[in-house]
Amino acid sequence: MTRLISILGATGSVGEQTLDLIRRNRDRWQVEALTANCSAQQLAAFAREFGAKMAVVSDEGCLPELREALAGSGVEAAGGRQALCEAAARPVDITVAAIVGCAGLAPVMAAIERGGTVALANKEALVSAGDVMTAAVAQHGATLLPVDSEHNAIFQCLQGNRIEDVARITLTASGGPLRTWTPEQLAAATPAQAMAHPNWDMGAKISVDSATMMNKGLEYIEAHHLFPVGLDRLKIVVHPQSVIHSMVEYRDRSTLAQLGPSDMRVPIASCLAWPQRMDTPMAPLDLAAIGELTFFAPDEQRFPATRLAREAIEAGGGAPATLNAANEVAVAAFLAGQIGFMRIAAVVESTLTRYSAAAPESLDDVLRVDQEARAHAKELLEHA
Ligand code: NDP
């Protein structure tokens, strides 16, 4: 039986890896909609290859290029934020949400409000919207499957168990490419150095987030919403080999861990095939070749982002959305060479100090907090 799939953010790292799995199982999948921001040529090439019904660029200015690239293909082309949300709301068996940043929130909500199954990679959407998103999932009977490797690991370790029996959930963190650097070295880190992740091949923004440890901070908040065990039962441990993707300890002190190669196609496949399993092209895990698995406590002096994330979710209200928005602004500034590496967390902390908002109660509320927090963060950058 073929299954219908839409991929939001199809031209990105997660999007392309999803398409790679589909390419290997073409008879099992039919592609409904593929979206990008402005990578019109790449999007059109994928839409043609996979026979998508629709291709959407979020940036309307890129629509003429998309139309031209799709001429004669029979694929419907559309552009703009509204078209993106309409594409996300089309009925499918599974929607892969792989847009980067809070820009993915409205389309994810559109897929959720249709009551569909959403494989969520777009962690910033859940961090920003938090309870608004989880309430919508419950209200519309949607299913959220975590793509993020850590949350996918936890999801797998929870199968067949009761959440009330969980004593502790431990998120593993690779520590990123700058894990052993001194404060002086960190202050001088370049975007290329911050993006050179030792284990994972990812998009630019999440690579920088891994280097600052903000990725783990965002994941801490994401885990809080996906697995409601209470913040005191959520822990982070640095595990440089990225072999154990996360762990769940139960009240009897039995700990279940999920292990696998550092390749996003494993958790993506877990979501695509859920509740069954499918083949992936990866080699089997060779533990004897890996030899050693090591673990360290996070160093929040050099990498304050996990502390900021913990404080933001403890503070509640609009703080998580503010943290995310300020981080998106600061990472973009770092990638553009406007600020140094250590300024990323500093901008996030200052934004959280200067701006506070009540708990968002709707998608519009979340988007307003996001916009206001961005304005504050940008102002901080201007006066740096
Ligand atoms: P990429 O930067 O590689 O890709 C992002 C995708 O989103 C592209 O298709 C891009 O289109 C699209 N996009 C960017 N901005 C917008 C916008 N404003 N509106 C609509 N679409 C937009 O990101 P990743 O694939 O690395 O990450 C995607 C998400 O998955 C992130 O939330 C990340 O944290 C999460 N994630 C990623 C992992 C990874 O291994 N990469 C692992 C775990 C989670 P265009 O090509 O036109 O710019």
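These numbers come from a predicted model, not from an experiment. (Residues numbered from 1 in each chain as written. Predicted model: local features only at pLDDT ≥ 70, side-chain atom pairs only at ≥ 80, totals over all residues. Heavy atoms only, no water.)

Help me understand the side chain of R265, please; the structure alone is not making it clear to me.
Looking at where R265 falls in the secondary structure, it is placed in helix α13 (residues 265-273). Excluding residues that lie within four positions of it along the chain, R265 makes contacts with Q17, D20, L21, R24, T280, P281 and M282. (Helix = DSSP H or I, 4+ residues; strand = E, 2+ residues; numbered from the N terminus. Contact = heavy atoms within 4.5 Å.)

Sorry if this is basic, but what is going on with the site of the ligand here?
As a structural note, the neighbourhood of the ligand is formed by 25 residues, with T11, S13, C38, S39 and E124 the closest of them. G9 places a polar main-chain atom, nitrogen or oxygen, 3.3 Å from an oxygen atom of the ligand. Interatomic distance of 3.4 Å between a side-chain N/O atom of S58 and a nitrogen atom of the ligand. Protein burial of the ligand: of its 900 Å² of free accessible surface, 86% is covered by the chains. Contributions of two or more residues to the shell around the ligand are made by α1 (13-23) and α6 (123-129). The residue makeup of the shell around the ligand, split by class, is 12 nonpolar, 9 polar and 4 charged. (Near = heavy atom within 4 Å. Polar contact = N/O pair within 3.5 Å; in protein donor to acceptor, adjacent residues only side chain to side chain. Areas by Shrake-Rupley, 256 points an atom, 1.4 Å probe, with all protein chains shown as cover. Nonpolar A, V, L, I, M, F, W, Y, C, P; charged D, E, K, R; others polar.)

Any chance you could explain the nonpolar core here in plain terms?
A general trend in soluble globular proteins is that nonpolar side chains are found buried together. Membership of the largest hydrophobic core comes to 115 residues, with the highest contact counts inside it found for L34, L66, I112 and M133. With residues near it in sequence (within four places) discarded, M133 still touches L105, V108, M109, I112, A125, L126 and L144. Grouped together as the second largest cluster of nonpolar side chains are 13 residues, A78, C85, A88 and I99 included. (Core = buried A, V, L, I, M, F, W, Y, C linked by side-chain atoms within 4.5 Å. Buried < 20%, exposed > 50% of the residue type's maximum accessible area, 1.4 Å probe, protein only.)

Sorry, what's going on with the packing of aromatic side chains here?
Where two aromatic rings form a pair, the distance of their centres and the angle of their planes describe that pair. Under the counting rule described, the total for this entry stands at 3 aromatic pairs. Ring plane angle 70° and centroid distance 5.7 Å describe the contact between F334 and F341, whose orientation is recorded as edge-to-face. The exposure classification of F334 matches that of F341, with both residues buried. (Phe/Tyr/Trp six-rings, centres within 6.5 Å; stacked < 30°, edge-to-face > 60°.)

Mind showing me how you'd approach the sheet that holds strand β11 (residues 255-259) here?
Pairing between sheet strands relies on hydrogen bonds along the backbone, with the strands arranged either parallel or antiparallel. Strand order in the open sheet formed by 4 strands is β9-β8-β10-β11, with mixed pairing between adjacent strands. Edge strands, defined here as strands with exactly one partner in the open sheet, are β9 (234-238) and β11. Between one strand and the next, the sheet's axes are offset by a mean angle of 20°, whatever the strand orientation. In the sheet, strand β8 (residues 166-173) pairs with strand β10 (residues 244-250) via 5 bridges, with the strands oriented antiparallel. What sits directly across from I169, in β10, is V248. (Pairing = 2+ DSSP bridges. Axes fitted to C-alpha atoms, helices over the stretch in contact; angles between N-to-C directions.)

So what exactly am I meant to see when it comes to the pattern of salt bridges here?
One side chain can pair with another of opposite charge once the charged atoms of both are near each other. Overall, the coordinates contain 28 salt bridges when judged by the stated rule. Residue E219 is joined to K123 by a salt bridge in which the shortest nitrogen-to-oxygen separation is 2.9 Å. One end of the pair, E219, is in helix α12 (residues 214-226); the other, K123, is in helix α6, with 96 residues separating them in the sequence. Across the pair, exposure class does not vary: E219 and K123 are buried alike. (Salt bridge = Lys/Arg side-chain N within 4 Å of Asp/Glu carboxyl O.)

So what exactly am I meant to see when it comes to the packing of helix α16 (residues 319-335) against helix α18 (residues 363-382) here?
Helix-helix packing is characterised by the crossing angle of the two axes and by the distance between the axes. Two numbers describe how α16 lies on α18: the axes approach to 8 Å, and their chain directions differ by 45°. Between α16 and α18, the interaxial angle falls into the category oblique. In this structure, the crossing between α16 and α18 has a hand that is right-handed. Each of A321, T322, A325, A326, E328, V329 and A333 in α16 lies in contact with α18, whose residues at this interface are V369, D370, A373, R374, A377, K378 and L381. Class assignment for the residues of the contact of α16 with α18 results in 9 nonpolar, 1 polar and 4 charged. (Parallel < 35°, antiparallel > 145°, perpendicular 65-115°, else oblique. Left-handed = near helix turned anticlockwise from the far one by under 90°.)

Help me out: how do you make sense of the side chain of D263 in this one?
By secondary structure assignment, the location of D263 is in the loop between β11 and α13. The exposure class of D263 is buried, given its relative accessible area of 15%. Separated by 2.9 Å, the side chain of D263 and the backbone nitrogen of R265 make a polar contact. Excluding anything up to four places from it in sequence, D263 contacts Q17, W200 and M282.

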